[in-house]
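# Breakdown of the fold
Single-letter residue listing:
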Amino acid sequence: MENDIDRDETVWAPGTVKLEDIHRSGDQLVLFPTPSADPNDPLNWSTSRKMLNFTLVSFFVLWTFVQLDIGFTAWGPIQEELNFSVDILNAQAAVNYGGLAIGCIFFMPLVHKYGRRPIYIFSVALQFASCIWQAQTYTVGDLMGSGLISGIGGAISEIIVQITIADMFFVHQHATMNGWYVIGQSTGAFLGPVASGYIVVAQGWRWMWWWCVIFFGVTLICVIFLFEESKYIPVLNGREVTATEQVIGEPSNPYKDTEVTDSKGANEIATRVPSNINPDIKMKTYFQRMALVTTTDEALWPHFYQPIVALFTFPAVGYVAITYGSMLSLFAIMTSLQASYLIVPPYNFDAVGVGLMNVAPFVGGVLGFPFGGHLSDKSILWLSKRNGGIYEPEMRLWLALPIAVLTPAGILMFGLGIASGVHWALLAVGFGFYGFSLAAVSGIALSYLMDCYQDIIGDALVGVIFMRNIFSVIVLFVLTPWVNGMGMRDLHILVAVVAFVILLIPIPLLIWGKKARVATAASYRKMAANQLSHRTI
């Protein structure tokens, strides 16, 4: 690997950065992206401001995935009351994923043009409305329409969060923050059905949606009054804010109140150096920070086509799209099959039993969170130090390799277990293996993509999420005839083999990933130039 940080930019690969500065004592950590001297720069926010914003983001993510994933727990009562077939319910789930795919395409350009805050508000409001409609479902039209609006409303949650993380946090913190995002996602997706199962039995299936209405109402109020815009415009009152390199661990200035940390504490969330803040730049007022829109002259049109260009131009984007898409398609298969097969002999589960099966993947996800988050951030610091202080994004991919074994193992335990009618405990263990794999590989893959192409992360993720949801739409539409034609056992054997092959993609990236980043550097810089940013491209 090249260790000369000063070499020509045409050679230096996007995502390759200097993290450990071996020329200073104590193996100090270089902050990347480079914070400006502006106190309004989200990278310079205090710990409390960052944590408040990200807590609201996590709450938003949690309830988004609750409302996206609780529907299947009520399939039995819905079939009894409204006489909907399993095919209709699968079609509604597919329409929901279709809404997720469509929504991300149309919302993403607005995030860049008008800021994060208005899109968060609109997304919560749309999901609030969709839950009211779902609680009032009586016809197939209601079922499909509410599912579509639900998907469109929740679409942005899978993209805007990574943009918010890139706005506020440094490279050596990305995996940890993405891990917390995955925890919020897993809590909603896995524990939401547990709670909804009890609600369906105790209060009826419509009340699981009314509870969502209540919590989305609370979320909407919190976002409106507490969530700050994290889009940073580096010009304030006619003054251009310039970036200056900041290093954690430099000797403190006795004349300034300087917070310093060495690399041993590098993945603490609050890493920042306030001594370089320009005292002439005033902090924005509360009402300025809560402005409804933050508009720039940025063009909208490039953000409609750049996601597709990124998907087929950058191998890192293609890897994340295939990995993320396959893992979430597995979730769609497993939740649909358990909703269809666990309510009949030999299991005879009610809504509570179906919901409780999701405790297993949640526990797995909690265990997978530090593996793909904190441990990933720790590992890149160690590997960077061994590489002369230079960080390559592919360093994250070593931890993705064990997932290639764990995921197929979980699939086979779950699928072959249902096919053989074994005790539900084996199904739960297999589902738990899947939960661990999903949390771990999601954190690793998302952080890898952010580190490779931070300046186009929004457009890159639109391509990723679009492909992910297209995978799920196709799988759900063909799932019933697929099971009928191939059989439960052979279907899961095939899926396990495909998952194993897909999850080995990190191997060629570990070998040729940097060469691919060098080869596509010009395309990345051109695409990044379409976005207004003060960060280093």
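Our structure's up above, just so we're on the same page.
Residues numbered from 1 in each chain as written. Predicted model: local features only at pLDDT ≥ 70, side-chain atom pairs only at ≥ 80, totals over all residues. Heavy atoms only, no water.

What follows deals with the overall build of the chain. Each helix and strand in the chain was counted, giving 20 helices and seven strands. Going through the 537 residues of the chain one by one, you find that 60% of them count as buried. In the structure as shown, the chain presents an accessible area of about 20,300 Å², 67% of it carried by carbon and sulfur atoms. (Helix = DSSP H or I, 4+ residues; strand = E, 2+ residues; numbered from the N terminus. Buried < 20%, exposed > 50% of the residue type's maximum accessible area, 1.4 Å probe, protein only. Areas by Shrake-Rupley, 256 points an atom, 1.4 Å probe, with all protein chains shown as cover.)

Once that is clear, we can look at the side chain of Thr16. Within the secondary structure, Thr16 sits in the segment before strand S1 (17-18). Judged by its relative accessible area of 4%, Thr16 falls in the buried class. A distance of 3.0 Å separates the side chain of Thr16 from the side chain of Arg517, its partner in a polar contact. (Polar contact = N/O pair within 3.5 Å; in protein donor to acceptor, adjacent residues only side chain to side chain.)

Let us look at the packing of aromatic side chains. The tally for this structure, following the rule as stated, stands at 21 aromatic pairs. Ring centres of Phe60 and Tyr120 lie 5.2 Å apart, and the angle between their planes is 85 degrees; on these two criteria the pair is classed as edge-to-face. Of this pair, Phe60 sits in helix H1 (residues 47-69) while Tyr120 is found in helix H4 (residues 116-135), placing the two residues 60 residues apart along the sequence. On the basis of relative accessibility, which here comes to 0%, the residue Phe60 falls in the buried class. For the pair Phe190 and Phe331, a centre-to-centre distance of 5.4 Å together with 75 degrees between the ring planes defines the contact as edge-to-face. With Phe190 in helix H7 (residues 174-203) and Phe331 in helix H11 (residues 315-341), this pair connects stretches of sequence that are 141 residues apart. Just as Phe190 is buried, Phe331 falls in that class too. Among the aromatic side chains, those forming a connected cluster through ring pairs are Phe59, Trp63, Trp207, Trp211 and Phe215. The ring of Tyr138 carries the charged tip of Arg206 above its face, separated from the ring centre by 4.1 Å. (Phe/Tyr/Trp six-rings, centres within 6.5 Å; stacked < 30°, edge-to-face > 60°. Lys NZ or Arg CZ within 6 Å of the ring centre and 35° of its normal.)

For the rest of this paragraph, the subject is the side chain of Ser329. Secondary-structure assignment places Ser329 in helix H11. The exposure class assigned to Ser329 is buried, which follows from its relative accessible area of 6%. Contact partners of Ser329, with chain neighbours within four places excluded, come to Arg468, Phe471, Ser472 and Val475. (Contact = heavy atoms within 4.5 Å.)

To continue, consider the packing of helix H13 (residues 359-372) against helix H14 (residues 374-386). Between H13 and H14, the least distance of the axes is 3 Å, while the angle of their chain directions is 15 degrees. In terms of orientation, H13 lies roughly parallel with respect to H14. Here Phe369, Pro370, Phe371 and Gly372 of H13 come into contact with H14, specifically with His374, Leu375 and Ser376. Across the contact of H13 with H14, the residue classes break down as four nonpolar, three polar and no charged. (Axes fitted to C-alpha atoms, helices over the stretch in contact; angles between N-to-C directions. Parallel < 35°, antiparallel > 145°, perpendicular 65-115°, else oblique. Nonpolar A, V, L, I, M, F, W, Y, C, P; charged D, E, K, R; others polar.)

Side chains of Leu52, Ile221, Ile224, Phe225, Leu226, Tyr286 and Phe287 sit close together on the surface and give an oily, nonpolar patch of about 690 Å² of accessible area. When residues of the nonpolar patch are traced back to their parent elements, those giving at least two are helix H8 (206-226) and helix H9 (286-289). Top contributing element to the nonpolar patch by residue count: H8, with four residues. Tracing the backbone through its elements, the reader meets Phe287 in helix H9. Residue Phe287 is classed as exposed on the basis of its relative accessible area, which comes to 69%. (Patch = residues over 30% accessible without salt bridge, like charges linked within 9 Å, V, L, I, M, F, W, Y side chains within 5 Å. Salt bridge = Lys/Arg side-chain N within 4 Å of Asp/Glu carboxyl O.)

With that settled, the discussion passes to the packing of helix H3 (residues 86-114) against helix H5 (residues 140-154). Two elements in contact, H3 and H5, have axes separated by 6 Å at closest approach and are oriented at 35 degrees. Considering how the two elements wind past one another, H3 and H5 form a crossing that is right-handed. Between H3, through Ile88, Leu89, Ala91, Gln92, Val95, Asn96, Gly99, Leu100, Gly103 and Phe107, and H5, the contact on the second element is made entirely by Val140, Leu143, Met144, Gly147, Leu148, Ser150, Gly151, Ile152 and Gly154. (Left-handed = near helix turned anticlockwise from the far one by under 90°.)

So, about the pattern of salt bridges. Enumeration according to the criterion identifies ten salt bridges in this entry. Ionic pairing is found between Glu81 and Arg206, a salt bridge with its closest N-O pair at 2.9 Å. On the criterion of sequence distance, the pair formed by Glu81 in helix H2 (residues 75-82) and Arg206 in helix H8 is long-range, its members being 125 residues apart. The salt bridge involving Arg517 is made with Glu394; its shortest N-O contact spans 2.7 Å. Taken together, the residues Arg517 in helix H19 (residues 506-519) and Glu394 in the loop between strand S7 (390-391) and helix H15 (403-420) connect sequence positions 123 residues apart. Note on accessibility: Arg517 and Glu394 belong to one class, buried. Beyond isolated ion pairs, a larger network of salt bridges with shared partners links Glu392, Glu394, Lys514 and Arg517.

Here we come to unusual backbone geometry. Cis peptide bonds are those with omega within 30 degrees of zero, and the linkage from Pro345 to Pro346 qualifies with 5 degrees. Mapped onto the elements of the fold, Pro346 is located in the loop between H11 and helix H12 (351-356). Phi angles above zero are rare outside glycine, and Asn83 is one such case at about 60 degrees. Relative to the elements of secondary structure, Asn83 occurs in the loop between H2 and H3. Residue Asn83 is classed as exposed on the basis of its relative accessible area of 67%. One non-glycine residue, Asn348, adopts positive backbone phi at about 55 degrees. By secondary structure assignment, the location of Asn348 is in the loop between H11 and H12.

All of the buried residues in helix H10 (residues 302-313) are Pro302, His303, Gln306, Pro307, Ala310 and Leu311. Buried residues of H10 fall within an arc of 160 degrees about the axis and therefore sit on the same side. Residues of H10 that are buried in the fold lie against H3, H11, helix H17 (457-486) and helix H20 (521-528). (Arc of directions from axis to C-beta.)

Attention shifts here to the environment of Ile88. As for its placement among the helices and strands, Ile88 is situated in helix H3. Setting aside residues no more than four positions away along its own chain, Ile88 makes contact with Val140, Leu143 and Met144.

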